[in-house]
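Each chain, letter by letter, is given below.
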Amino acid sequence: SQLLALAVALFLIFVLFKPLNIKQQDFGEIPVFELVDFKLMELNEKGLTTVIKGNEGTRYIDRYLVNNIDYTDNTKKYLANMKAKKGIYRDGIIDLEGNIVYTREDGISFSTQKAIYNKETNIVVSSTNYIADIGQNKVTGSYIEYNNALETIKSQNVTVNYKLKER
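Heads up: these notes are all about the structure in this document.

### As for the nonpolar core
- If you look at the biggest cluster of nonpolar residues, it comprises 24 residues, and the most contacted ones within it are I69, Y71, F110 and V124.
- For this core, the secondary structure elements donating two or more residues are β3 (64-73), β4 (80-90), β5 (93-104), β6 (108-118), β8 (130-134) and β10 (143-147).
- If we ignore the near neighbours within four places in the chain, the residues touching Y71 are T50, V51, I52, A80, N81, M82, Y89, I94, Y117 and K119.

### Here's the deal with the pairing of β10
- Most of β10 sits inside the fold, with five of its five residues counted as buried.
- Here β10 shows two buried faces, one formed by Y143, E145 and N147 and the other by I144 and Y146.
- For strand β7 (residues 123-126) and β10, the ladder comprises four bridges, and the chain directions are antiparallel. Pairing of V125 across the sheet is with E145, part of β10.
- Where β10 and strand β11 (residues 152-156) come together, five bridges link them in antiparallel fashion. Residue N147 lies in a different strand from β11, and its bridge partner there is T152.
- Hairpin connection from β10 to β11: four residues lie between these consecutive antiparallel strands, with E151 at a positive phi of about 60°.

### Some words on the packing of aromatic side chains
- Scanning the model with the defined rule gives seven aromatic pairs in all.
- Counting every residue linked through ring pairs, the aromatic cluster contains F33, Y64, Y71, Y89 and Y117.
- The ring of Y64 is capped by R59, whose NZ or CZ atom sits 4.7 Å from the centre of that ring.
- The positively charged end of R63 is found above the aromatic ring belonging to Y60, 4.4 Å away from the centroid.

### Focus on a nonpolar patch on the surface
- Taken together, the side chains of L3, L4, L6, V8, L10, F11, L12, I13, F14, V15, L16 and F17 present a nonpolar region at the surface, about 1,300 Å² in accessible area.
- When you line up the elements, I13 lands in helix α1 (residues 2-16).
- Look at I13 and you get partly exposed, because its relative accessible area is 46%.

### A short note on the pattern of salt bridges
- Inspection of the entire model under this criterion finds nine salt bridges.
- Put simply, D106 and R104 hold a salt bridge, and the shortest N to O gap is 2.3 Å.
- Look at D106 and you get partly exposed, because its relative accessible area is 34%.
- Judged by relative accessible area, R104 falls into the buried class, the value being 4%.

### A few points about the side chain of N148
- Note on placement: N148 falls in the loop between β10 and β11.
- Within polar-contact distance, the side chain of N148 engages the side chain of R104 at 3.0 Å.
- Once residues within four sequence positions are removed from consideration, N148 is found in contact with K76, Y78, A80, Y102, R104 and N122.

### Comments concerning the pairing of β5
- With nine bridges connecting them, β4 and β5 associate as antiparallel partners. Residue pairing for β5: K83 is matched across the bridge by V101.
- The turn joining β4 and β5, which pair antiparallel and follow one another in sequence, is formed by two residues; a positive phi near 50° is taken by D91.
- By the bridge criterion, nine bridges tie β5 to β6 in an arrangement that is antiparallel.

About the criteria used
- Residues numbered from 1 in each chain as written.
- Predicted model: local features only at pLDDT ≥ 70, side-chain atom pairs only at ≥ 80, totals over all residues.
- Heavy atoms only, no water.
- Core = buried A, V, L, I, M, F, W, Y, C linked by side-chain atoms within 4.5 Å.
- Buried < 20%, exposed > 50% of the residue type's maximum accessible area, 1.4 Å probe, protein only.
- Helix = DSSP H or I, 4+ residues; strand = E, 2+ residues; numbered from the N terminus.
- Contact = heavy atoms within 4.5 Å.
- Pairing = 2+ DSSP bridges.
- Phe/Tyr/Trp six-rings, centres within 6.5 Å; stacked < 30°, edge-to-face > 60°.
- Lys NZ or Arg CZ within 6 Å of the ring centre and 35° of its normal.
- Patch = residues over 30% accessible without salt bridge, like charges linked within 9 Å, V, L, I, M, F, W, Y side chains within 5 Å.
- Areas by Shrake-Rupley, 256 points an atom, 1.4 Å probe, with all protein chains shown as cover.
- Salt bridge = Lys/Arg side-chain N within 4 Å of Asp/Glu carboxyl O.
- Polar contact = N/O pair within 3.5 Å; in protein donor to acceptor, adjacent residues only side chain to side chain.

Written as structure tokens, this is what we have:
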């Protein structure tokens, strides 16, 4: 009779109680770390090569996401600086977006809304409208490819306001 009562109790537990259904959640990518009001500096045997500043930064395994990025490249003859609302830095490539201003210490500068900078080749490319200042000359266009190493500019749909020197 005790064996029968135990068998009935186990049968009722099996029928009446449902197992807990646990749902798995996908959390997506998890940041490695987050930074606030930061400055990252890269050094090599020649000295300081790169400075990245930002208001907020998130480091993932393969990239940095930076708000209000201020990127300085000191690897070539002229110091180059880029500022933007957002930047993604991955494997030497920086995708910039929003109010981008590129300046070089010799006076060349341009502004645009989207650009990609390749640290290895020192080339910055924007396929959105831009305004450039080269000395006292103003240039506008729909595409710009600027090579900081070779000091060359390629552009499309260009309008140039050029100031002639007086003698």
